[in-house]
Amino acid sequence: GESVGLHLPTLSVQEGDNSIINCAYSNSASDYFIWYKQESGKGPQFIIDIRSNMDKRQGQRVTVLLNKTVKHLSLQIAATQPGDSAVYFCAENSNTGNQFYFGTGTSLTVIP
Amino acid sequence: DTAVSQTPKYLVTQMGNDKSIKCEQNLGHDTMYWYKQDSKKFLKIMFSYNNKELIINETVPNRFSPKSPDKAHLNLHINSLELGDSAVYFCASSSSNQPQHFGDGTRLSIL
């Protein structure tokens, strides 16, 4: 049904600053995590992933941090650009199945 | 060379009608999915399907049914459309325990 009571968190940053987007998950059995970027009118696109045997993974301008103790995931975007404006989702998956569960999403707006 | 393509992109129809959304993937993935995204951007899994099993989210009304003619296609049939069905529906595919690739969505509006 509808996400009643939930609203889309928003984050506004100046162009060139670093962005940090956070995600909390609840299933301690989750062992694979993905960050997706969704631009207006498009489907979510893969950015970066991390498995539970790691606590940090870096890509081009992006870093994902995983804290399994507190069940927290973050996405850091360096030198944020206007093209980074989008909704960002974290998704979690457990080894027991092939289903991914998505977080609420965070809307990032980059101010030129 | 679109990886996951779904049609139509827009679907406007009357309450009570039956409609289908088609999805095709050319990535050779073994699992396909349907998601519903509401107006608040919340993404909810509806179905996941591979050649071995169909997993249904128990909150999905049985008016919704996935149909897979072959491994590269997973269509979504919706019977007796209701106002609350208005949303964006996304198809996705993946290999086991790998990132999903999404289509660009079908925007369904019920009048």
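Up top is the structure.
Remember, predicted model here, so these are calculated numbers, not experimental data.

### Re the overall build of chain B
Link 1 in the chain: Helix and strand content of chain B: zero helices and eleven strands.
Link 2 in the chain: For chain B, the C-alpha radius of gyration of 13 Å lies close to 13 Å, the compact-globule estimate for 111 residues.
Link 3 in the chain: The principal-axis extents of the C-alpha atoms in chain B amount to approximately 35 × 30 × 25 Å.
Link 4 in the chain: Expressed as a percentage of its 111 residues, the buried residues of chain B come to 48%.
Link 5 in the chain: Considering only contacts in chain B between residues 6 or more positions apart, those separated by 24 or more positions represent 53%.
Link 6 in the chain: If you sum the accessible surface of chain B, you get close to 5400 Å²; carbon and sulfur atoms cover 49% of it.

### With respect to the pairing of strand E3 (residues 30–38) of chain A
Residue and element names in this part refer to chain A.
Link 1 in the chain: In terms of burial, E3 is largely enclosed, as nine of its nine residues are buried.
Link 2 in the chain: Here eight bridges tie E3 to strand E8 (residues 86–94), and the two strands are oriented antiparallel to one another. Looking at the pairing, Gln 38 lines up with Val 87 of E8.
Link 3 in the chain: Where E3 and strand E4 (residues 45–51) come together, six bridges link them in antiparallel fashion. Pairing of Tyr 36 across the sheet is with Phe 46, part of E4.

### Brief notes about the interface of chain B and chain A
Link 1 in the chain: At the interface, 27 residues of chain B touch 27 residues of chain A.
Link 2 in the chain: Summed over both partners, the interface of chain B with chain A buries about 2300 Å², with 47% contributed by carbon and sulfur atoms.
Link 3 in the chain: The largest per-residue losses of area from chain B upon contact with chain A belong to Lys40(B), Phe42(B) and Asn97(B), which jointly make up 26% of the total buried on that side.
Link 4 in the chain: Run the count over chain B and chain A and you get zero salt bridges.
Link 5 in the chain: Put simply, chain B and chain A have four residue pairs in polar contact (both at pLDDT 80 or more) between them.
Link 6 in the chain: Contributing elements (two or more residues each) for the side of chain B that touches chain A: strand E4 (31–37), strand E5 (43–50) and strand E9 (87–94) of chain B.
Link 7 in the chain: Tallied by class, the residues present in the side of chain B that touches chain A amount to nine nonpolar, eleven polar and seven charged.

### A few points about the state of the cysteines
Link 1 in the chain: What the rule picks out here adds up to two disulfides over all chains.
Link 2 in the chain: Shown here is the disulfide that connects Cys23(A) with Cys90(A), its sulfur atoms set 1.6 Å apart. Linking Cys23(A) in strand E2 (residues 19–24) with Cys90(A) in strand E8, this pair joins segments that are 67 residues apart in sequence. Summarising the burial analysis for this pair, Cys23(A) and Cys90(A) share the class buried.
Link 3 in the chain: Between Cys23(B) and Cys91(B) runs a disulfide, and the two sulfur atoms are separated by 1.8 Å. With the S-S bond torsion at -80°, the cross-link from Cys23(B) to Cys91(B) turns out left-handed. Of this pair, Cys23(B) sits in strand E3 (residues 19–25) while Cys91(B) sits in strand E9, and the two are 68 residues apart along the sequence. In terms of burial, Cys23(B) and Cys91(B) fall into one category: buried.

### What about the layout of surface pockets?
Link 1 in the chain: Taken as a whole, the largest pocket encloses approximately 270 Å³ of empty space.
Link 2 in the chain: Looking at the lining of the largest pocket, the elements that each hand over two or more residues are E4 of chain A together with strand E1 (4–7) and strand E10 (101–102) of chain B.
Link 3 in the chain: For the lining of the largest pocket, the class distribution of residues is five nonpolar, seven polar and two charged.

### A look at the environment of Trp34(B)
Residues and elements named next belong to chain B.
Link 1 in the chain: Inspection of the secondary structure puts Trp 34 in strand E4.
Link 2 in the chain: The buried category is assigned to Trp 34, whose relative accessible area is 0%.
Link 3 in the chain: Measuring from C-alpha to C-alpha, the distance between Trp 34 and Gly 84 comes to 17 Å, with 50 residues separating the pair along the chain.
Link 4 in the chain: Polar contacts involving the side chain of Trp 34 include one to the main-chain carbonyl oxygen of Leu 74, which spans 3.1 Å.

### Some words on the sheet that holds E1(B)
Residues and elements named next belong to chain B.
Link 1 in the chain: One open sheet holds the four strands; their spatial order is E1-E3-E8-E7, and the pairing between them is antiparallel. This sheet does not close on itself; its edge strands, each paired only once, are E1 and strand E7 (64–70). Going from strand to strand, the sheet's axes swing by 20° on average, the running direction of each strand aside.
Link 2 in the chain: Note: E1 against E3, four bridges, orientation antiparallel. Residue pairing in the sheet places Gln 6 in a bridge with Cys 23 of E3.

Analysis parameters
- Residues numbered from 1 in each chain as written.
- Chains lettered and ligands numbered in written order.
- Predicted model: local features only at pLDDT ≥ 70, side-chain atom pairs only at ≥ 80, totals over all residues.
- Heavy atoms only, no water.
- Helix = DSSP H or I, 4+ residues; strand = E, 2+ residues; numbered from the N terminus.
- Rg over C-alpha atoms; globule rule 2.2 N^0.38 Å.
- Buried < 20%, exposed > 50% of the residue type's maximum accessible area, 1.4 Å probe, protein only.
- Contact = heavy atoms within 4.5 Å.
- Areas by Shrake-Rupley, 256 points an atom, 1.4 Å probe, with all protein chains shown as cover.
- Pairing = 2+ DSSP bridges.
- Buried area = accessible area lost by both parts, 1.4 Å probe.
- Salt bridge = Lys/Arg side-chain N within 4 Å of Asp/Glu carboxyl O.
- Polar contact = N/O pair within 3.5 Å; in protein donor to acceptor, adjacent residues only side chain to side chain.
- Nonpolar A, V, L, I, M, F, W, Y, C, P; charged D, E, K, R; others polar.
- Disulfide = S-S within 2.5 Å.
- 1 Å grid on protein atoms, 1.4 Å probe; cavity = no way out; pocket = protein on both sides within 12 Å on 5 of 7 lines; lining within 4 Å.
- Points joined across faces, edges and corners; volume = space filled by probe spheres on them.
- Axes fitted to C-alpha atoms, helices over the stretch in contact; angles between N-to-C directions.

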